[in-house]
Amino acid sequence: ERLNADANYVLERVQSPSSVRFPERQSWYKPVTAETLHYYLCNTQRRLIKELLPKYILDFSLFAYPL
């Protein structure tokens, strides 16, 4: 969600030349929508989701993602 801002911050911190820029997002990139997320979650084995949830629960908490 903050890739551009974070990349610019890092480039500034490492004192990169002004000619160095993080690449723009490609025109073909389509962000995940609620519909695509629903599709993937409905087509993923429940067992796999149960295994992944503990690994990412801290991310959900830190970034206030809804479960």
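Residues numbered from 1 in each chain as written. Predicted model: local features only at pLDDT ≥ 70, side-chain atom pairs only at ≥ 80, totals over all residues. Heavy atoms only, no water.

Under the annotation held in an unreviewed UniProt entry, the chain carries the name Carbohydrate sulfotransferase 14 and is attributed to Eurypyga helias. Of the chain, the UniProt comment under Subcellular location (unreviewed entry) reads exactly: "Membrane". (UniProt positions renumbered as here; feature names shortened; annotations may be inferred.)

## A few points about unusual backbone geometry
Unusually for a residue other than glycine, Gln-15 sits at a positive phi of about 55 degrees. Secondary-structure assignment places Gln-15 in the loop between helix 1 (3–13) and helix 2 (34–42). The backbone of Ala-64 sits at a positive phi, close to 55 degrees, despite the residue not being glycine. One can find Ala-64 in the segment after helix 3 (46–62). (Helix = DSSP H or I, 4+ residues; strand = E, 2+ residues; numbered from the N terminus.)

## Some remarks on the layout of surface pockets
In this structure, the largest pocket occupies an estimated 370 Å³ of space. Along its surface, the largest pocket is lined by Leu-37, Leu-41, Thr-44, Ile-49, Leu-52, Leu-53, Tyr-56, Phe-60, Pro-66 and Leu-67. Those elements that place two or more of their residues in the lining of the largest pocket are helix 2 and helix 3. A total of 5 residues in the lining of the largest pocket trace back to one element, the largest contributor, which is helix 3. The residue inventory of the lining of the largest pocket, partitioned by class, reads 9 nonpolar, 1 polar and no charged. (1 Å grid on protein atoms, 1.4 Å probe; cavity = no way out; pocket = protein on both sides within 12 Å on 5 of 7 lines; lining within 4 Å. Points joined across faces, edges and corners; volume = space filled by probe spheres on them. Nonpolar A, V, L, I, M, F, W, Y, C, P; charged D, E, K, R; others polar.)

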